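The residues making up each chain are set out below.
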Amino acid sequence: ALVMPTYFGPTNIPPIEALSAGCPVIYSDFPSFREEFNGMVEFIDLKTPESLVKKIELLLPVNLNKIAMLKKKHGRELLLEKLNLMIEGRIDEIF
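Rules behind the numbers
- Residues numbered from 1 in each chain as written.
- Predicted model: local features only at pLDDT ≥ 70, side-chain atom pairs only at ≥ 80, totals over all residues.
- Heavy atoms only, no water.
- Helix = DSSP H or I, 4+ residues; strand = E, 2+ residues; numbered from the N terminus.
- Buried < 20%, exposed > 50% of the residue type's maximum accessible area, 1.4 Å probe, protein only.
- Areas by Shrake-Rupley, 256 points an atom, 1.4 Å probe, with all protein chains shown as cover.
- Salt bridge = Lys/Arg side-chain N within 4 Å of Asp/Glu carboxyl O.
- Pairing = 2+ DSSP bridges.
- Axes fitted to C-alpha atoms, helices over the stretch in contact; angles between N-to-C directions.
- Contact = heavy atoms within 4.5 Å.
- pLDDT = per-residue confidence, 0-100.
- Core = buried A, V, L, I, M, F, W, Y, C linked by side-chain atoms within 4.5 Å.
- Arc of directions from axis to C-beta.

## Looking at the overall build of the chain
In step 1: Across its full length, the chain carries 4 helices and 3 strands.
In step 2: Element order for the chain, N to C, with α for helix and β for strand: β-α-β-α-β-α-α.
In step 3: Taking all 95 residues of the chain together, 34% fall into the buried category.
In step 4: Accessible surface computed for the chain: about 6200 Å², of which carbon and sulfur atoms make up 60%.

And the structure:
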């Protein structure tokens, strides 16, 4: 899994890359991150370290192949959307 507990951002490239590869993502819970990745990643509260432990524990007993297949699909769609914006010269809308 990509574990990305950060106070800075949006830093959306690593989660997009991880999702496109089918890798589960654990990410900081901020409104801008949630707006972009809601339903695709697991969010953690940086003020509560236990939330990170709980999210990691959630990933362990489940079928990671199933998670990877679902998230890979969403990641590819998001990556294609971002690449299309870049091609159209609308880079300011990506970040």
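## Here we look at the pattern of salt bridges
Pairing between side chains becomes possible if they bear opposite charge and their charged atoms approach one another.
In step 1: Throughout the structure, instances matching the rule amount to 2 salt bridges.
In step 2: A salt bridge links Asp29 to Arg34; its shortest N-O distance comes to 2.9 Å.
In step 3: We classify Asp29 as partly exposed; its relative accessible area is 35%.
In step 4: In this structure, Lys55 and Glu42 form a salt bridge, with 3.1 Å as the shortest nitrogen-oxygen distance.

## A closer look at the sheet that holds strand 3 (residues 42-44)
In step 1: Ordered by their spatial adjacency, 3 strands build an open sheet running 1-2-3, and the pairing between neighbours is parallel. Unpaired on one side and paired on the other, strand 1 (2-4) and strand 3 mark the two borders of the sheet. Looking at each pair of strands side by side, their axes are set apart by 20° on average, direction ignored.
In step 2: Of the pairings in the sheet, the one linking strand 1 to strand 2 (residues 25-28) comprises 3 bridges and is parallel in character. Bridging from a neighbouring strand, Met4 pairs with Tyr27 of strand 2.
In step 3: Across the sheet, helix 1 (residues 13-20) lies against strand 1 and strand 2, angled at about 165° from strand 1, the strand it touches most.
In step 4: Packed onto the sheet, helix 3 (residues 49-59) meets strand 1, strand 2 and strand 3 and runs at close to 160° relative to strand 3.

## Brief notes about the confidence of the model for the chain
In step 1: Across the chain, the average pLDDT comes to 78, with 65% of residues at or above 70.
In step 2: Looking at the elements of the chain, mean pLDDT is at its lowest for helix 4 (residues 64-87), recorded as 66, and at its highest for strand 3, recorded as 93.

## Description of the nonpolar core
In step 1: Judged by nonpolar contacts, Met4, Ile16, Ala18, Leu19, Val25, Tyr27, Phe33, Phe37, Met40, Val41, Phe43 and Leu78 together constitute the single largest core of 12 residues.
In step 2: If you list the elements that add at least two residues to this core, you get helix 1, strand 2 and helix 2 (31-37).

## Quick look at helix 3
In step 1: Among the residues making up helix 3, those that are buried are Ser51, Lys55 and Leu59. Around the axis of helix 3, the buried residues are gathered within 75° of arc, so they sit on the same side. Turned more than 90 degrees off the buried face of helix 3, the exposed positions are Pro49 and Lys54.

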